[in-house]
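Residue-level structure breakdown
The primary structure of each chain is shown beneath.
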Amino acid sequence: MADREDTVAIPDFRCLLQMDPNLKTYERDFKRRYELLQKQLLRLEEAEGGFERFTRSYETFGVQRQPDNSLFFQEWAPGAEALFLTGDFNGWDKFSHPYTKKPFGKWELILPPKHDKSPAVDHNTKLKVVVHTKDGGRLYRNSPWAKYVNREEESVIYNWVHWDPPSPIHPRPKKPTSLRIYEAHVGIASPEGKVASYTNFTTNMLPRIKDLGYNCIQLMAIMEHAYYASFGYQITSFFAASSRYGTPEELKQMIDVAHSMGIVVLLDVVHSHASKNTEDGLNRFDGSDSCFFHSPPRGEHSLWDSRLFNYSSWEVMRFLLSNLRWWMEEYCFDGFRFDGVTSMLYHHHGIGSGFSGDYSEYFGLQVDEESLVYLMLANHILHTLYPDCITVAEDVSGMPALCRGVEEGGLGFDYRLAMAIPDKWIQILKELKDEDWDMGNIVHTLTNRRYGEKCIAYAESHDQALVGDKSLAFWLMDKEMYTNMSSLIAMTPVIDRGIQLHKMIRLLTHGLGGEGYLNFIGNEFGHPEWLDFPREGNNQSYHYARRQFNLLDTDHLRYSQLYAFDRDMNRTEDKYGWLAAPPAFISAKHEGDKVIVFDRANVLFIFNFHPSKSFQDYRVAVEVPGKYPFSSALSPHCSLPLSLQTLAFSLLCHSAHSQYLP
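Residues numbered from 1 in each chain as written. Predicted model: local features only at pLDDT ≥ 70, side-chain atom pairs only at ≥ 80, totals over all residues. Heavy atoms only, no water.

1. A look at the overall build of the protein chain
- A count of helical and extended segments in the protein chain gives 15 helices and 26 strands.
- Based on the C-alpha atoms only, the size of the protein chain along its principal axes is roughly 85 × 60 × 45 Å.
- Burial analysis of the protein chain (662 residues in total) assigns 60% to the buried set.
- Sequence-distant contacts in the protein chain: of pairs separated by 6 or more residues, those separated by 24 or more amount to 72%.
- Carbon and sulfur atoms make up 51% of the accessible area of the protein chain, which totals about 26,100 Å². (Helix = DSSP H or I, 4+ residues; strand = E, 2+ residues; numbered from the N terminus. Buried < 20%, exposed > 50% of the residue type's maximum accessible area, 1.4 Å probe, protein only. Contact = heavy atoms within 4.5 Å. Areas by Shrake-Rupley, 256 points an atom, 1.4 Å probe, with all protein chains shown as cover.)

2. Considerations on the pairing of strand β2 (residues 71-76)
- Across the six residues of β2, six count as buried, placing the element largely inside the fold.
- Covered by surrounding structure in β2 are Leu-71, Phe-73 and Glu-75 together with Phe-72, Gln-74 and Trp-76, the residues of both alternating faces.
- The pairing of strand β1 (residues 62-65) with β2 spans four bridges and is antiparallel. Note on β2: the bridge partner recorded for Val-63 is Phe-73. (Pairing = 2+ DSSP bridges.)

3. Some thoughts on the sheet that holds strand β4 (residues 100-101)
- Taken in spatial order, the four strands of this open sheet run β1-β2-β5-β4, and their pairing is antiparallel. The strands lining the two open edges of the sheet, one partner per strand, are β1 and β4.
- Alignment of β2 against strand β5 (residues 106-111), held across six bridges, turns out to be antiparallel. Residue Leu-71 lies in a different strand from β5, and its bridge partner there is Leu-111.

4. Considerations on the pattern of salt bridges
- On inspection of all chains with the given rule, the structure shows 44 salt bridges.
- One salt bridge in this structure joins Glu-52 and Arg-56, with 3.0 Å as the shortest N-O distance.
- On the accessibility criterion, Arg-56 (23% relative accessible area) is partly exposed.
- With its nearest N and O atoms 3.3 Å apart, the salt bridge here joins Glu-370 to Arg-298. Linking Glu-370 in helix α8 (residues 369-385) with Arg-298 in the loop between β14 (264-269) and β15 (300-301), this pair joins segments that are 72 residues apart in sequence. (Salt bridge = Lys/Arg side-chain N within 4 Å of Asp/Glu carboxyl O.)

5. Brief notes about unusual backbone geometry
- Of the consecutive residues Pro-296 and Pro-297, the connecting peptide bond is found in the cis state with omega at 5 degrees.
- As for its placement among the helices and strands, Pro-297 is situated in the loop between β14 and β15.
- Here the phi dihedral of Cys-332 falls at roughly 60 degrees; this positive angle occurs in a residue that is not glycine.
- Within the secondary structure, Cys-332 sits in the loop between α6 (314-330) and β17 (335-338).
- Positioned with a positive phi, Asp-617 is a non-glycine residue whose angle comes to about 55 degrees.
- Tracing the backbone through its elements, the reader meets Asp-617 in the loop between β24 (603-608) and β25 (630-632).

6. Some details on the nonpolar core
- Residues Phe-73, Phe-201, Leu-219 and Trp-425 are the most contacted members of the largest nonpolar core, which totals 179 residues.
- Apart from the residues within four sequence positions on either side, Phe-73 is in contact with Gly-62, Val-63, Leu-85, Tyr-99, Trp-107, Glu-108, Leu-109, Leu-111, Val-121, Leu-127 and Trp-160.
- Membership of the second largest hydrophobic core comes to 13 residues, among which are Val-264, Tyr-415, Leu-417 and Tyr-458. (Core = buried A, V, L, I, M, F, W, Y, C linked by side-chain atoms within 4.5 Å.)

7. Observations regarding the sheet that holds β17
- The sheet built from eight strands closes into a barrel, its strands ordered β10-β11-β14-β17-β18-β19-β20-β21 with parallel pairing. Between one strand and the next, the sheet's axes are offset by a mean angle of 30 degrees, whatever the strand orientation.
- Examined bridge by bridge, strand β10 (residues 179-185) and strand β11 (residues 216-220) share five bridges and lie parallel to one another. The partner of Tyr-182 across the bridge, within β11, is Ile-217.
- Relative to β14, helix α5 (residues 248-260) is tilted by about 135 degrees, and along the sheet it contacts β11 and β14. (Axes fitted to C-alpha atoms, helices over the stretch in contact; angles between N-to-C directions.)

8. A look at the packing of aromatic side chains
- On inspection of all chains with the given rule, the structure shows 47 aromatic pairs.
- Here the aromatic rings of Tyr-311 and Tyr-374 are separated by 5.4 Å at their centres, their planes lie at 25 degrees, and the arrangement is stacked. Here Tyr-311, found in the loop between β16 (306-307) and α6, pairs with Tyr-374, found in helix α8; they are 63 residues apart in sequence, far enough to count as distant.
- You can call Tyr-311 buried: its relative accessible area is 7%.
- Given a relative accessible area of 2%, Tyr-374 falls into the buried group.
- A ring pair is formed by Trp-425 and Trp-437, whose centres lie 6.2 Å apart and whose planes are at 55 degrees; its orientation type is tilted. With Trp-425 in helix α9 (residues 420-431) and Trp-437 in the loop between α9 and α10 (439-447), this residue pair connects regions lying twelve residues apart in the sequence. Across the pair, Trp-437 and Trp-425 agree in class, each one buried.
- The positively charged end of Lys-252 is found above the aromatic ring belonging to Tyr-331, 5.4 Å away from the centroid.
- Here the basic side chain of Lys-470 rests over the ring of Trp-475, its NZ or CZ set 4.4 Å away from the ring centre. (Phe/Tyr/Trp six-rings, centres within 6.5 Å; stacked < 30°, edge-to-face > 60°. Lys NZ or Arg CZ within 6 Å of the ring centre and 35° of its normal.)

Encoded structure:
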């Protein structure tokens, strides 16, 4: 950790401006953003003793067990008239345990231990904060700092549960140089029509992920969300791990086992907005329409029907920064994928904005500098406290310097999601015949990223699988996946084309598209259909809210061929490290032949996308002269031929300076 927390490194914008001279016009903007960050750090140092203490506020808010087993309760409710604590411990008496009002909207309560010296509130018992509003109302609220919430089977409301078992310590693996991400949702990680568990994921999914060669898991829908069909993006309890999958201890064990396998784990964190729920969410916690949020209309997202945080509020900043620290400390996550960054960066939240790439779109009054500086602060604190922490931004706008250090005026993220790539593949499959595929346009989409800012490339994620769309495999093979995926029957042209293009699209994206790679759970073996959670519109069905690993485990089905390709693709990257190498040198994007050729990390990639033409003695350019032995892509299990004579072909070669591929 740095000696002083109120400063970051001396700013140096020269590197950023040298990479992109067009940003020279906006040098003042970068300097102002940096100065705003410095101002916040100085305020933290003066008021709180630095961000180290400030971001550990989860140790003072909510409920804390003291050394003598007394319980200390603290909440921030500036708009409340009075606060009381009720629950199982006092027979749900609404008035017997009042909080004491403190300065700055804070309220405190101390419960002494029982006669036997045990805590007054037992582990795994229910609690509620009773809020008396200034207009005479009485509200029953969960603590915003609640570490565990759950609901009765017949109820839709989540209740605060006091959770205080002993916690183990989890060692973290080393930060990967080549990031291969397996995006996963615990609840759908089973072929059964139900909500799957943390224990199921530990037992059945972690060995698969390890075998596939992924070194990072990105976990969705972990922060508690009352509405399952929100896919985890309408958060109601920010410090609570979702109870629908099991207990906090089972999640900790899951992460611990992943770490023992050398796999880092990222949390899909949602600080861009919050659920509108009042009974079990943050909305109107103290009876006012603000508290954690801006008052309407600024504090409401018109498309998401959710509340927007007031990032300029000291207590909101305490809440959110401590939330990041909590997940890193308590559960030993290794970093975060920040959801909805585009919405945070702009006052217009990206609504109705196409983002042409003109630099004027990224600077000026449309930028929400309060949330932008919050993101800079979050990244600075995380990377200072945890040097190996990984942060990924979900931003569709293309904000310059998003993935540059805060000392350069950047926002400090490690990676950004290359969101244009999956959109391009879906567009091609929806709109174009095979003979109309534009090699130049494909290559442009895969390589159109800001120099010096790392990207996570992917052919499809959860976005493409959601209801209203469908997986790449289903776009390619559609209804024939129901009848013709068995190796016991003859291969049909549709299945043959679909399997080969599925492999080629993923390998091309893996090799050319970024400095990291992401796959969504099940798509590694060509999962059919789409994803849809139980809701009123589908009669609460779990049929599409599951991953059919039974298809993969049925030996005679061709899904195993796609799985083997994905596994060997990752293992080959692990051997040669192209994701950690400089951008590829592209030597051919031939429209007539439908051929793409590039080399990266001393590996030569050749793709023939022509629907009917094969080639013999095909000449390709290489940077280093010499003899180049070749073998079929990745392994014999991939069902790819050793010659160039094939309908749809992807071949991975390597230079004479490297060993033969297995």
